[in-house]
Amino acid sequence: MRKYYKQVPEWWFVCILLFSITTIMFMCEYYDDQLQLPWWGVVLACSVAILYILPIGVIKATTNQAPALNVITEYIIGYIYPGYPIANILFKVYGNGSVKQGISFLEDLKLGHYMKVPPRAMFMAQILGTTISALVHMGTAWWLMNTIPNICDRELLPAGSPWTCPSDHVFYDASVIMGLIGPRRIFGDLGHYSPSIGSFWLGLLFLS
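Positions within a chain are numbered from 1, following the residues in the order the chain's sequence is written. With the structure being a predicted model, the display of local features is reserved for residues of pLDDT at least 70 and the display and counting of side-chain atom pairs for 80 or more, all residues being used for whole-chain, interface and lining totals. In computing side-chain properties, one takes all heavy atoms of the structure into account and sets aside hydrogens as well as water.

This next bit is on the overall build of the protein. Secondary structure elements follow DSSP: runs of H or I no shorter than four residues count as helices, runs of E no shorter than two count as strands, and numbering proceeds from the N terminus. Helices and strands together make up the secondary structure of the protein, namely 8 helices and 0 strands. Ordering the α and β elements of the protein from the N terminus gives α-α-α-α-α-α-α-α. The principal-axis extent of the C-alpha atoms belonging to the protein is close to 65 × 55 × 35 Å. We call two residues in contact when some of their heavy atoms are within 4.5 Å. Across the protein, contacts joining residues at least 24 apart in sequence account for 58% of those joining residues at least 6 apart. Surface accessibility follows the Shrake-Rupley procedure with a 1.4 Å probe radius. Residue values consider only the protein chains on display as shielding. In the structure as shown, the protein presents an accessible area of about 14,600 Å², 69% of it carried by carbon and sulfur atoms. Residues counted as positive are Lys and Arg, residues counted as negative are Asp and Glu, and His and the chain ends are not counted. In plain terms, the charge of a residue is placed at NZ if it is Lys, CZ if Arg, CG if Asp and CD if Glu. In the protein, which carries 12 positive and 12 negative side-chain charges, the distance between the mean positions of the two groups comes to 19 Å.

Okay, structure coming up:
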């Protein structure tokens with residue numbers, strides 16, 4: 001990198017991190033009835049993301065394959081805080097989605113470094129692009145939900161409709177299984193599949 005390019009101060013990233021976490025915690029507490037995730041769930045999800053982003057980043061850098069944390073995050077919050085499917089979704093987004101977005105951000109910074117793009121220009125482009133993307137996604141989602149009758153409802157949609165939302169149904173099913181029912185009623189002492197938990201230890205043993 002050229003020496004006369006100004007570097008991005010570390011505190012810029014820290015300020016964005018603290019602002020994001022604080023905003024998420026405020027929203028979860030203010031809209032507690034709708035979002036269901038308490039403040040400590042946000043802290044736990046962020047802790048999971050911080051713990052796993054380095055090893056997953058190393059795996060991604062060496063193999064070009066990044067293991068996902070969606071099942072792990074669903075299992076953690078589903079066991080600790082069962083009966084709250086929306087909380088399960090949010091925990092998965094903050095725990096798993098943060099790692100995916102963080103690694104994607106690092107990939108962009110690496111590409112910009114190879115292309116000799118000034119670090120502060122890359123930083124501002126990322127911030128501006130993320131802000132515009134979030135606003136466009138949110139606006140588009142609200143517009144679709146308000147203009148397309150029975151969107152995502154397969155039983156009420158006409159035959160051949162493209163608005164079946166397959167990915168959202170997978171997300172919903174996972175929230176019901178791991179959030180509303182909870183892994184304890186499936187894999188724990190209240191379920192029928194508790195012996196399958198031993199497979200985790202067998203997998204760890206074979207990997208080691």
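Note on aromatic contacts: the rings of Phe and Tyr and the six-membered ring of Trp form a pair at centre separations within 6.5 Å, being stacked when their planes are under 30 degrees apart, edge-to-face when over 60 apart, and tilted otherwise. Within the structure shown, the criterion is met by 10 aromatic pairs. Judged by centre distance (5.2 Å) and plane angle (85°), the ring pair of Phe13 and Phe123 falls under edge-to-face. Pair noted here: Phe13 is in helix H1 (residues 10–30) and Phe123 is in helix H6 (residues 119–147), with a separation of 110 residues, a long-range link. Residue Phe13 is classed as partly exposed on the basis of its relative accessible area, which comes to 30%. An aromatic cluster of at least three residues, connected via ring pairs, comprises Trp11, Trp12, Phe13, Phe105 and Phe123. Taking the ring centre of Phe171 as reference, the NZ or CZ of Lys92 above it sits at 3.9 Å. Accessible area is worked out with a 1.4 Å probe on protein chains only. A residue is then buried under 20% of its type maximum, exposed over 50%, and partly exposed in between. Our definition puts a charge over a ring when NZ of Lys or CZ of Arg is within 6 Å of the ring centre and also within 35 degrees of the ring normal.

We now examine the state of the cysteines. Our working definition of a disulfide is a cysteine sulfur pair at a distance within 2.5 Å. Summed over all chains, the structure comprises 1 disulfide. Residue pairing for Cys152: its cysteine sulfur links by disulfide to Cys165, the two sulfurs lying 1.9 Å apart. Classification of the bridge connecting Cys152 and Cys165 rests on its S-S torsion, roughly -70°, and on that basis the disulfide is left-handed. With Cys152 in the loop between H6 and helix H7 (166–181) and Cys165 in the loop between H6 and H7, this pair connects stretches of sequence that are 13 residues apart. Taking the relative accessible area as the measure of exposure, Cys152 reaches 25% and is therefore partly exposed. Distance from the sulfur of Cys15, which forms no disulfide, to the nearest cysteine sulfur (Cys46) is 16 Å.

A word on the nonpolar core. In plain words, nonpolar cores are sets of buried Ala, Val, Leu, Ile, Met, Phe, Trp, Tyr and Cys residues tied together by side-chain atoms within 4.5 Å. In this structure, Cys28, Leu37, Val42, Tyr94 and Val99 are the most contacted members of the largest nonpolar core, which totals 19 residues. Counting only elements with at least two residues in this core, the list comes to H1, helix H3 (39–63) and helix H5 (85–114). Residue contacts for Cys28: discarding those within four places in its chain leaves Leu35, Leu37, Val42, Leu90 and Tyr94.

The next subject is the packing of H5 against H7. Helix packing for two helices is described by the angle between their axes and how far apart those axes are. To get an axis, fit a line to the C-alpha atoms, keeping to the stretch in contact for a helix; angles then go from 0 to 180 degrees between the N-to-C directions. Two elements in contact, H5 and H7, have axes separated by 8 Å at closest approach and are oriented at 110°. In terms of orientation, H5 and H7 fall into the roughly perpendicular class. H7 is crossed by H5, and the crossing has right-handed handedness. Each of Pro85, Asn88, Ile89, Lys92 and Val93 in H5 lies in contact with H7, whose residues at this interface are Phe171, Ala174, Ser175, Met178, Gly179 and Leu180. Residue classes follow a fixed rule: Ala, Val, Leu, Ile, Met, Phe, Trp, Tyr, Cys and Pro count as nonpolar, while Asp, Glu, Lys and Arg count as charged, and any other residue, Gly among them, counts as polar. Among the residues forming the contact of H5 with H7, the class breakdown is 7 nonpolar, 3 polar and 1 charged. An angle counts as roughly parallel when it lies under 35 degrees, as roughly antiparallel when it exceeds 145, as roughly perpendicular when it falls between 65 and 115, and as oblique in every other case. Helix crossings get a hand from a simple test, with the near helix turned counterclockwise from the far one by less than a right angle marking a left-handed crossing and a clockwise turn marking a right-handed one.

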